[in-house]
Amino acid sequence: MFLPRTRGKKTHSQQRNMSGVFESPKPRINASMLSQHVNRPVCLTGRVEKVHPSGKSFTLTDGEGKTVSVELNDPLDEELSGIVEVVGMVSNKGAVMATAYTALREEKIPFDLELYNEALKVVHDFPQYYPFQ
């Protein structure tokens, strides 16, 4: 089981907001679905393309090749590369305000983002079988 990684000490209000993100259902989305989930918790998976020098944001590319900006409350304290799953809220600007992230290991089997994207389409095309609400 992957446990979400959170960064730094959190204030009480940040902990409350963070627990709200974890307690509510989170649809798995790609970049083209961001506008439909503004101010809602989501789970986004993609390949790290660029980390800002400050370490407070990075860019992911999803299975369609579209990019998403991910913003962090605290700077990264480790190198981040490869496939990353982000849990957070979608901002009005279309960025994901990350609450937590998990780097997925690809040591033996590479993660197929295109196939993952196809699975997302199926899940979203048949909401009666995959409810998020």
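Residues numbered from 1 in each chain as written. Predicted model: local features only at pLDDT ≥ 70, side-chain atom pairs only at ≥ 80, totals over all residues. Heavy atoms only, no water.

Asks: Sorry if this is basic, but what is going on with the overall build of the chain here?
Replies: Within the chain, the regular secondary structure consists of two helices and six strands. Counting across all 133 residues of the chain, residues that qualify as buried make up 38%. Summarising the internal contacts of the chain: among those between residues at least 6 apart in sequence, 58% fall at separations of at least 24. (Helix = DSSP H or I, 4+ residues; strand = E, 2+ residues; numbered from the N terminus. Buried < 20%, exposed > 50% of the residue type's maximum accessible area, 1.4 Å probe, protein only. Contact = heavy atoms within 4.5 Å.)

Asks: Looking at this model, I keep getting lost on the pairing of strand β5 (residues 83-90). Mind explaining?
Replies: Remark: a regular strand shows side chains that alternate across the two faces of the sheet. The element β5 is largely enclosed, with a buried count of seven among its eight residues. Sheet topology places strand β2 (residues 41-51) next to β5; seven bridges connect them, and they run antiparallel. Pairing of Cys-43 across the sheet is with Val-87, part of β5. Sheet analysis places β5 next to strand β6 (residues 96-104), joined by eight bridges and oriented antiparallel. Bridging from a neighbouring strand, Val-84 pairs with Ala-103 of β6. If you look at the hairpin formed by β5 and β6, you'll find five residues sitting between the two strands, and Gly-94 has a positive phi there, around 85°. (Pairing = 2+ DSSP bridges.)

Asks: Honestly, the side chain of Asn-117 in this entry has me stumped. Any pointers?
Replies: When you line up the elements, Asn-117 lands in helix α2 (residues 113-125). If we ignore the near neighbours within four places in the chain, the residues touching Asn-117 are Asn-30, Gly-63 and Glu-64.

Asks: Is there a simple way to think about the nonpolar core in this case?
Replies: Across soluble globular proteins, nonpolar side chains have a tendency to be buried as a group. Judged by nonpolar contacts, the single largest core of 20 residues is most densely connected at Ile-29, Phe-58, Leu-60, Leu-80, Val-84, Val-86 and Tyr-101. Those elements that provide at least two residues to this core are β2, β3 (57-61), β4 (67-71), β5 and β6. (Core = buried A, V, L, I, M, F, W, Y, C linked by side-chain atoms within 4.5 Å.)

Asks: Just to check I follow, could you spell out the pattern of salt bridges for this structure?
Replies: Once their charged atoms are close, side chains differing in charge can pair, the charge on each being opposite to the other. Counted by the stated rule, this structure contains five salt bridges. The residue Glu-106 makes a salt bridge to Arg-47 at a minimum N-O spacing of 3.4 Å. Residue Glu-106 is located in the loop between β6 and α2, and its partner Arg-47 is located in strand β2; the two are separated by 59 residues in the primary sequence. On the basis of relative accessible area, Glu-106 is assigned to the partly exposed category, the value being 24%. Overall, the relative accessible area of 30% leaves Arg-47 in the partly exposed class. A salt bridge links Glu-107 to Arg-105; the nearest nitrogen and oxygen atoms lie 3.6 Å apart. (Salt bridge = Lys/Arg side-chain N within 4 Å of Asp/Glu carboxyl O.)

Asks: I tried to follow the side chain of Ser-57 on my own but got confused; where do I start?
Replies: In this fold, Ser-57 is placed in strand β3. Given the relative accessible area of 18%, Ser-57 is considered buried. Those residues in contact with Ser-57 that sit more than four places away from it in its chain are Val-51, His-52, Val-70 and Glu-71.

Asks: So what exactly am I meant to see when it comes to unusual backbone geometry here?
Replies: A negative phi angle characterises most non-glycine residues, just as the trans form characterises most peptide bonds. Phi angles above zero are rare outside glycine, and Asn-39 is one such case at about 65°. Here Asn-39 shows up in the loop between β1 (28-29) and β2.

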